[in-house]
Amino acid sequence: MQAIRNRQALTELVQQWRRLGETIAFVPTMGNLHAGHLALVKQAASLADRVVVSIFVNPTQFCPGEDFDNYPRTEQADAEKLAAENVDLLFLPMLAEMYPQPAMVSLTVGELANRYCGNSRPGHFDGVVTVVCKLFNMVQPDLAVFGEKDFQQLAIIRRMVADLNMPVQIIGAPLVRESDGLAMSSRNGYLTAEQRKLAPVLYQLLQRLRNEILDGREDWDDLLEQYRQHLNAAGFKTDYLAISRVDDLLQATPKDHDLVILAAACLGKTRLIDNLPFHR
Ligand code: PAF
């Protein structure tokens, strides 16, 4: 595996592969890699000749007061994990490589960014799509793999690619869970031992809620309110809990069939997100 910080070197290597007719899969990350990220890398490797992974903790997607400065940076350990997965190229741009000058032009997401995570983190998705667009322009992949863990992010990136005619195929990879059901996340490392024990309750409640819907409950507003209270009573501070349509993430009604329960809840200062797609 080659590790490259410089954009010019990245372009040269990618062009070399292109001349050989090889296809390129890309997995953008912010590092602190866990089994969830490695599942994305494995999926990427199964779909293309070459795999490029980037690690860049993107400041523009952190809101004021969020954890940008303390975000776990574990470059050496990450590089070892990726080398073991036979990744071809690890792109590790410095801040000045990604943002050499204050940006005059950037991307803005419409209505889809005003709900769920976007409502609690204003500007977050604008930062995400802008950096992903820049990374796509640098790597020029045939396809890019994103985790369904960040369900809204994946939906927004699909819309970016469709709306802006970007020549890259977006692949969604299933969420990976710890053995007790907690969705894997770099932020799980912030949890205290006590919070970590409690954290799987989030997924347990999502499953219970899904089961009640599958059993025929149609009073979804009451049901959601009840489950918000369950979450809060368990020790979480619920940010949002919603039943949405998979295709456009609008609020679902009992007339809809392809659904996803979306949730974000805080344990202390740590904000956990989770989701559960299902068909009824
Ligand atoms: O999902 C992430 O880790 C980030 O939002 C991404 C897509 C790498 C953009 O910085």
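For the structure itself, look to the data block above.
What you see is a predicted model, and the numbers here were worked out from it, not measured in a lab.

A. Here's a closer look at the pattern of salt bridges. Going through the model one piece at a time under the given rule, you end up with 18 salt bridges. Its salt-bridge partner being Lys42, residue Glu85 comes within 3.1 Å of it at the nearest N-O pair. Of the two residues, Glu85 is situated in the loop between helix H3 (75-84) and strand E4 (89-91) and Lys42 in helix H2 (residues 35-47); the sequence distance between them amounts to 43 residues. Residue class for Glu85 comes out partly exposed when judged on its relative accessible area of 21%. In this structure, Asp163 engages Arg159 in a salt bridge whose closest nitrogen and oxygen atoms are separated by 3.2 Å. With Asp163 and Arg159 both in helix H7 (residues 151-163) and 4 residues apart, this pair spans about one turn of that helix. We classify Asp163 as partly exposed; its relative accessible area is 47%. What you see here is one network of salt bridges that share partners, running through Glu22, Arg50 and Asp88.

B. Layout of the state of the cysteines. Per the stated rule, a full pass over the model turns up 0 disulfides. Distance from the sulfur of Cys133, which forms no disulfide, to the nearest cysteine sulfur (Cys63) is 20 Å.

C. Seen up close, the site of the ligand. The ligand sits among Pro28, Thr29, Met30, Gln61, Val131, Val132, Phe146 and Gln153. Here an oxygen atom of the ligand and a side-chain polar atom of Gln153 are 2.8 Å apart. At the level of secondary structure, the elements contributing two or more residues to the shell around the ligand comprise strand E2 (24-29) and helix H6 (124-139). Looking at side-chain class alone, the shell around the ligand contains 5 nonpolar, 3 polar and no charged residues.

D. Quick peek at the pairing of strand E5 (residues 143-147). Judged by how many residues are buried, E5 sits mostly within the fold: 5 of 5 residues are covered. By the alternation rule, side chains of E5 split into Leu143, Val145 and Gly147 and Ala144 and Phe146, which are all buried. Note that E2 and E5 share 2 bridges and pair parallel. The partner of Ala25 across the bridge, within E5, is Leu143.

E. Spatial organisation of the packing of aromatic side chains. A complete count under the given rule lists 6 aromatic pairs for this structure. Relative to Tyr71, the ring of Phe62 has its centre 5.7 Å away and its plane inclined at 80°; by these criteria the two rings are edge-to-face. The ring of Phe68 carries the charged tip of Arg73 above its face, separated from the ring centre by 4.9 Å.

F. Looking closely at helix H10 (residues 220-234). Its 15 residues place the ends of H10 21 Å apart at the C-alpha level, agreeing with the 21 Å of an ideal helix rising 1.5 Å per residue. Within H10 the residues assigned to the buried category are Trp220, Leu223, Leu224, Tyr227 and Leu231. Taken around the axis of H10, the buried residues stretch over an arc of 95°, which confines them to a single face. Away from its buried face, by an angle of more than 90 degrees, H10 presents the exposed residues Asp221, Asp222 and Ala233. Along its buried surface, H10 packs onto helix H9 (201-214), strand E7 (237-245) and strand E8 (258-267). Two residues or fewer after H10 comes Gly235, characterised by a positive phi angle close to 115°.

Calculation notes
Residues numbered from 1 in each chain as written. Predicted model: local features only at pLDDT ≥ 70, side-chain atom pairs only at ≥ 80, totals over all residues. Heavy atoms only, no water. Salt bridge = Lys/Arg side-chain N within 4 Å of Asp/Glu carboxyl O. Helix = DSSP H or I, 4+ residues; strand = E, 2+ residues; numbered from the N terminus. Buried < 20%, exposed > 50% of the residue type's maximum accessible area, 1.4 Å probe, protein only. Disulfide = S-S within 2.5 Å. Near = heavy atom within 4 Å. Polar contact = N/O pair within 3.5 Å; in protein donor to acceptor, adjacent residues only side chain to side chain. Nonpolar A, V, L, I, M, F, W, Y, C, P; charged D, E, K, R; others polar. Pairing = 2+ DSSP bridges. Phe/Tyr/Trp six-rings, centres within 6.5 Å; stacked < 30°, edge-to-face > 60°. Lys NZ or Arg CZ within 6 Å of the ring centre and 35° of its normal. Expected span 1.5 Å × (residues − 1). Arc of directions from axis to C-beta. Contact = heavy atoms within 4.5 Å.

Note that every value here comes from positions in space, so none of it alone points to a role or purpose.
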